[in-house]
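The primary structure of each chain is shown beneath.
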Amino acid sequence: RSHHLYGINGHLDQLDEESSESPDSPDSAADQDGQQTPIRLKRASTSFSNMRRRGSVDEKSMLTRRFLVDIDTIEKAILAQEDTNGDYQITVEDSGPKVLKVPTASSGGFRTFEVRGTYMLSNLLQEIALARDCGMSQVVIDEDRLNENPVNRLSRMIRTSFWNGLVRCMDESGIQAICNDPKNTKAGAQPIIYVPYNDQPAYEYYTGIARDLSNYKIKVVKLPKDITPRYVKSINNEFGILSLAADVSYDANGRLVYRPLPFVVPGGRFNEQYGWDSYFETLGLLVDGRYQLGKNMVDNFVYEIKHYGKILNANRSYYLTRSQPPFLTDMVLKVFEALPDKTDDEKRRNHEWLQRSFDAAITEYLTVWMSAPRLDAKTGLSCYHPTGIGMPPETESTHFDHTIKPYAERLGVSVEEYKHLYANDMISEPELDAYFVHDRAVRESGHDTS
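These figures come from a predicted structure and were not determined experimentally.

A. Focus on the sheet that holds strand β9 (residues 219-222). Strands sit in the order β9-β8-β10 across an open sheet of 3 strands; the sheet is parallel. With one partner strand each, in any of the chains shown, β9 and β10 (241-242) form the two edges of the open sheet. When strand β8 (residues 192-195) meets β9, the two strands line up parallel, connected through 4 bridges. The residue of β9 that forms the bridge with Y194 is V221.

B. Structural context of the pattern of salt bridges. Taken as a whole and assessed by the stated rule, the structure comprises 26 salt bridges. In this structure, R65 engages E143 in a salt bridge whose closest nitrogen and oxygen atoms are separated by 2.8 Å. Taken as a pair, R65 in the loop between β2 (36-38) and β3 (66-70) and E143 in helix α5 (residues 143-146) lie far apart in primary sequence, 78 residues in all. E143 shares its class with R65; the two are buried. When the shortest N-O distance is used, the salt bridge between E394 and R443 registers 3.8 Å. Of the two residues, E394 sits in the loop between α13 (344-369) and α14 (401-411) while R443 sits in helix α16 (residues 430-444), which places them 49 residues apart along the sequence. Each of E127, R145, E148, R153 and R156 takes part in a single network of salt bridges with overlapping partners.

C. Geometry of α16. For α16, built from 15 residues, the straight-helix expectation of 21 Å at 1.5 Å per residue is met to within 8% by its first-to-last C-alpha distance of 21 Å. In this structure, the buried residues of α16 make contact with α13, α14 and α15 (415-423). In the segment just after α16, G446 is the residue with positive phi, at about 100 degrees.

D. Representation of the packing of aromatic side chains. Tallied over the entire structure, the rule returns 19 aromatic pairs. Their ring planes at 70 degrees and their centres at 4.8 Å tell us that Y318 and Y319 sit as a pair that is edge-to-face. For the pair Y318 and Y319, a shared accessibility class is recorded, and that class is buried. Counting every residue linked through ring pairs, the aromatic cluster contains W276, Y279, F280 and F327. Looking at R65, its charged tip hangs above the ring of F113, at a distance of 3.7 Å from the centre. Between R374 and the ring centre of W369, over which it is positioned, the NZ or CZ distance is 5.8 Å.

E. View of the packing of helix α12 (residues 328-338) against α13. Where α12 meets α13, the axes come as close as 10 Å, and the angle between the chain directions of the two elements is 175 degrees. What the angle tells us is that α12 and α13 run roughly antiparallel. Judged by residue contacts, L328, T329, V332, L333, V335 and F336 of α12 engage N350, H351, W353, L354, S357, F358 and A361 from α13.

F. Just the side chain of R168, in detail. In this fold, R168 is placed in strand β7 (residues 167-168). No salt bridge is formed by the buried R168, whose closest oppositely charged neighbour, D181, lies at an N-O distance of 7.5 Å. A polar contact of 3.2 Å, which involves the side chain of R168, links it to the side chain of N271. With sequence-adjacent residues up to four places away left out, R168 is seen in contact with L261, P262, F263, V265, G267, G268, F270 and N271.

So, how was this worked out
- Note on numbering: residues in each chain are counted from 1, in written sequence order.
- Two thresholds apply to this predicted model, a pLDDT of at least 70 for residue-level local features and 80 or more for giving and counting side-chain atom pairs, whereas whole-chain, interface and lining totals are computed over all residues.
- In computing side-chain properties, one takes all heavy atoms of the structure into account and sets aside hydrogens as well as water.
- Two strands make a pair as long as DSSP finds a minimum of two bridges between them.
- In DSSP terms, a helix is any run of H or I states spanning at least four residues, a strand is any run of E spanning at least two, and both are numbered starting from the N terminus.
- We define a salt bridge as a contact between a side-chain nitrogen of Lys or Arg and a carboxyl oxygen of Asp or Glu at a distance within 4 Å.
- Remark: exposure states derive from per-residue accessible area (1.4 Å probe, protein chains only) relative to the maximum for the residue type, with buried under 20%, exposed over 50%, and partly exposed in between.
- Take the number of residues in a helix, subtract one, and multiply by 1.5 Å to get its expected span.
- By definition, residues are in contact when any of their heavy atoms lie within 4.5 Å.
- Working definition: a ring pair exists when centres of Phe, Tyr or Trp rings (six-membered ring for Trp) sit within 6.5 Å. Plane angles under 30 degrees give stacked, over 60 give edge-to-face, the rest tilted.
- Counted as over-ring charges are cases with an Arg CZ or a Lys NZ within 6 Å of the ring centre that also lie within 35 degrees of the ring normal.
- Whenever a helix is involved, its axis is fitted only over the stretch in contact; in every case the axis is a line through C-alpha atoms, and angles between N-to-C directions fall within 0 to 180 degrees.
- Here the angle decides the label: under 35 degrees means roughly parallel, over 145 means roughly antiparallel, 65 to 115 means roughly perpendicular, and every other value means oblique.
- His is not counted, nor are the chain ends; Lys and Arg add positive charge and Asp and Glu add negative charge.
- What qualifies as a polar contact is a pair of N or O atoms within 3.5 Å, subject to a donor-acceptor requirement within protein and to the restriction that residues adjacent in sequence count only when both atoms come from side chains.

Laid out in structure tokens, this is it:
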């Protein structure tokens with residue numbers, strides 16, 4: 001055995017794997033007097049004076065070590081042993097031994113090798129989760145993957161996995177996710193899809209989805225031609241999602257072919273496209289060569305300007321009066337520079353897209369940012385000034401209680417009663433009106449009040 005371990009191509013790193021971690025290798029043996037004495041592997045022509053015990057970081061092996069991971073078994077073991085605070089993560093906050101023996105692929109799973117340290121163990125748990133998401137029960141993982149440079153790993157994970165997890169689309173599958181999103185419906189209310197007054201293909205498409213997904217009880221509402229602040233307030237209790245751009249065509253039989261454009265959201269819990277978040281997302285998408293998603297998001301913004309009058313905070317009904325910091329022109333240029341342009345046809349189509357996008361950006365600049373109320377007449381400067389009326393409906397029910405309380409006490413009613421009276425225009429309070437204009441302006445500026 002010792003000859004086998006030391007005699008093949010001088011791979012001394014195999015000694016470490018085979019002798020120190022093998023579960024069936026005895027650590028000692030009894031001598032004639034019954035005392036335990038260490039078993040030593042020997043080879044006459046080899047000196048072991050330079051042998052060192054393993055540290056927390058191993059020298060790189062000439063051969064890539066690979067682990068054969070049974071997902072259920074290893075996941076259960078690592079969580080039971082290492083996840084001491086029960087948050088399904090392995091961090092420095094956990095007090096486990098930070099070492100786990102994992103079967104090696106070269107031995108067919110019969111021998112093990114230690115995975116050590118918070119970083120490697122957390123990566124192992126992440127790799128297991130990714131494999132499980134792919135429907136696998138076993139996976140082979142390279143040790144290099146667990147030891148990967150943190151910056152390189154994060155960049156690779158964003159490029160190959162995380163972007164895909166943030167892609168949404170308002171097609172039939174996406175609508176089902178939206179219907180289950182509590183941010184888009186009031187408790188107990190039916191899901192609503194709002195479509196623009198003059199977008200008949202969208203109305204036809206989503207009416208068909210509502211019919212096909214009858215169990216969701218989806219309501220499709222056509223917005224009025226003139227979307228006023230008063231109208232937006234009237235639907236404060238009827239949360240819904242707003243339609244976005246799509247590739248629209250008709251087949252040989254004249255039937256509608258409607259393909260909503262996929263886009264990226266700023267976090268896993270979201271199902272709608274946000275305003276200035278999309279600009280920064282697009283910068284990252286372009287770094288990773290995902291220019292089509294960036295182009296789609298520009299097209300969605302162009303759609304919003306055309307049908308809703310501005311780029312919205314996000315495509316939800318209660319954001320119809322609120323925009324966000326304008327980054328569209330730079331976003332368009334960045335995407336344009338990344339588009340394929342090897343053929344004359346590609347160049348022509350790219351320039352046509354650039355012109356449509358800039359036409360929309362100029363329209364928004366003139367009608368939103370260079371017009372009242374967002375253009376301050378005294379200074380000649382643009383400012384954040386959404387036109388919504390009253391309390392922002394997306395906030396938690398008690399978010400403004402501290403603000404409302406003095407007014408409620410002055411009137412001699414409870415806070416809840418005062419909010420009801422104020423929301424339904426049964427009382428007037430100019431100070432509160434001004435307060436909520438400023439509150440909405442903070443939100444339009446991109447500041448996250450949560």
